[in-house]
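If you want the building blocks of each chain, they are given just below.
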Amino acid sequence: MIVDVKNLNKSYGKHKVLNDLSFKIEKPQVLALIGPNGSGKSTLMNCMMNLISFDSGEIEILGKSNKDYEIFREVSFLKDNRVLYPYLTGFDHLKYICDIQKIPQERIEEVIELADIGSFYKKIVSSYSLGMKQRLLLAMALCNNPKLILMDEPLNGLDTDSIFKFRDLIKNLGENNTTILISSHSLNELDYITNDILFLKGGSVIYEDIEIYKQTEYRIFLENSDDMKVLQNFLDTNSENIKYQIKEAENSIIFNLKDSKINQVLSFIYENNIKIKKILAKTYGAEDRYRKIFALD
Ligand SMILES: Nc1ncnc2c1ncn2[C@@H]1O[C@H](COP(=O)(O)OP(=O)(O)O)[C@@H](O)[C@H]1O
Ligand SMILES: [Mg+2]
């Protein structure tokens, strides 16, 4: 078990921020934490990292209580760049972290590579852009080769290029079995990073029917209206029991399908010489899910 948060409650005065919140991270993954401003994302992360106290509940990280200092040998928290020293270089920061944690110096070269800061780690931090600072923070967070990294809004304020870069770095780490919990406002950006999302609403985690999001909505426009019947018949008799909707005026058919199943439909279309005008495919992203959960539509 990587993270096990049980019945967490946290209030500021009369304001209940976390309300009996529970969730688990059982296997290595990149998990997004999404909720509107003030929904408690930072509070949750700060509680997990034992930086603030909570009223009741339990938090276990890597099988130990979060109050056990030992876990921080295998956990990192990327919070904000106020921890950086403007008059020191990136290298100085990495050396400092490795020295105090007794991490071999060889690791410095590895994290320079992993966080892609090779072109500027020798310069002083006051000359860095926001994106460069974020990458230095990531390099610092990677020094202890963590199993779990918490990132609180790491994409905030980054320009487009830096977002692309940071997003790819996170994806790479995820593919190498580092667990990352990342909070963000940039819903579209998160789609490139992960489909696994914890939504925070009313102080608790909202679980959704995740299956729908593993599907794609296809809209197939046909050349001939006669072919519509043929295709309809195929969908009706298909063992997958595909539900569809016909738009007669534009001669199109709309259905949701697991990505692996679209080949069956396309093979049928091909074998029956059905002429296609165009196909549109739409996946359900973080934004669609956010709209549904927070009832914005
Ligand atoms: N130190 C504090 N004292 C009082 N209220 C706080 C404090 N920190 C956060 N809050 C309140 O708790 C709520 C959640 O804040 P926060 O965890 O920062 O949300 P998020 O990170 O999702 O924007 C907000 O309403 C905020 O005003
Ligand atoms: Mg916050």
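Here's what I pulled together on the structure shown here.

Conventions and cut-offs
All residue numbers here refer to positions counted from 1 along the written sequence of the relevant chain. Chains and ligands are labelled by the order in which they are written, letters from A for the one and numbers from 1 for the other. Local features are withheld for residues below a pLDDT of 70 in this predicted model, meaning they are given only at 70 or higher, and side-chain atom pairs are given and counted only at 80 or more; totals for whole chains, interfaces and linings count all residues. Heavy atoms from the whole structure form the basis of all side-chain values; hydrogens and water molecules are not counted. The patches reported here contain residues having more than 30% relative accessible area and no salt bridge. Joining distances are 9 Å for like charges and 5 Å for nonpolar side chains (Val, Leu, Ile, Met, Phe, Trp, Tyr). Values of accessible area rely on a 1.4 Å probe in the Shrake-Rupley scheme; residue burial ignores everything except the protein chains shown. Within this document, salt bridges are pairs made up of a side-chain nitrogen of Lys or Arg and a carboxyl oxygen of Asp or Glu, the two lying within 4 Å of each other. Each helix is a run of H or I in the DSSP string that is no shorter than four residues. Each strand is a run of E no shorter than two, and both are numbered from the N terminus. For every residue, the accessible area obtained with a 1.4 Å probe (protein chains only) is divided by the maximum for its type, and the residue is called buried under 20%, exposed over 50%, and partly exposed between those limits. What makes a residue near a molecule or strand is one non-hydrogen atom of that residue sitting within 4 Å of it. Polar contact is defined as a pair of N or O atoms within 3.5 Å, subject to the rule that within protein one atom must be able to donate a hydrogen and the other to accept it, and that residues adjacent in sequence are counted only when both atoms are side-chain atoms. Note on residue categories: nonpolar means Ala, Val, Leu, Ile, Met, Phe, Trp, Tyr, Cys or Pro, charged means Asp, Glu, Lys or Arg, and polar means any other residue, Gly included. Strands are treated as partners if at least two bridges between them are detected by DSSP. We call two residues contacting when some pair of their heavy atoms lies within 4.5 Å. For every element, the axis is a line fit to its C-alpha atoms; helices are fit only across the contacting stretch, and the angle between N-to-C directions ranges from 0 to 180 degrees.

## Some words on a nonpolar patch on the surface
Together, Tyr85, Tyr87, Tyr96 and Ile100 give the surface a local cluster of nonpolar side chains, amounting to about 480 Å² of exposed area. Of note, Tyr87 is situated in the loop between strand 6 (75–78) and helix 2 (90–100). By relative accessible area, which is 59% here, Tyr87 ends up exposed.

## Quick notes on the site of ligand 1
Surrounding ligand 1, one finds Tyr12, His15, Val17, Pro36, Asn37, Gly38, Ser39, Gly40, Lys41, Ser42 and Thr43. Take Ser42: an N or O atom from its side chain is 2.9 Å from an oxygen atom of ligand 1. A distance of 2.5 Å is found between an oxygen atom of ligand 1 and a side-chain nitrogen or oxygen belonging to Thr43. Of all elements in the fold, only strand 2 (15–25) and helix 1 (41–48) reach the threshold of two or more residues within the shell around ligand 1. Ranked by the residues each element gives to the shell around ligand 1, the list is headed by helix 1, at 3 residues. The residue makeup of the shell around ligand 1, split by class, is 3 nonpolar, 7 polar and 1 charged.

## Focus on the sheet that holds strand 2
With antiparallel pairing, 4 strands are arranged side by side in an open sheet as 2-1-4-5. In this open sheet, the two edge strands, each paired with only one partner strand, are strand 2 and strand 5 (64–65). Sheet topology note: the strand 4 (residues 56–61)/strand 5 ladder contains 2 bridges and is antiparallel. Residue pairing in the sheet places Glu60 in a bridge with Ser65 of strand 5. Helix 1 rests against strand 1 (3–12), strand 2 and strand 4 of the sheet, and its axis sits at about 60 degrees to strand 2.

## Examining the environment of Ile71
Counting through the fold element by element, Ile71 comes out in the loop between strand 5 and strand 6. Taking relative accessible area as the criterion, Ile71 reaches 2% and is therefore assigned buried. The spacing of Ile71 and Ile61 is 10 residues in sequence and 7.1 Å in space, taken between C-alpha atoms. Residues contacting Ile71, with those up to four places away along its chain left out, are Ile61, Lys64, Ser65 and Asn66.

## Some words on the pattern of salt bridges
Enumeration according to the criterion identifies 13 salt bridges in this entry. Between Lys6 and Glu58 there is a salt bridge; the shortest N-O distance is 4.0 Å. Residue Lys6 is located in strand 1, and its partner Glu58 is located in strand 4; the two are separated by 52 residues in the primary sequence. You can call Lys6 partly exposed: its relative accessible area is 30%. Judged by relative accessible area, Glu58 falls into the partly exposed class, the value being 44%. Between Glu250 and Arg219 there is a salt bridge whose closest N-O contact spans 2.5 Å. Pair noted here: Glu250 is in the loop between strand 12 (244–247) and strand 13 (252–258) and Arg219 is in strand 11 (residues 215–222), with a separation of 31 residues, a long-range link.

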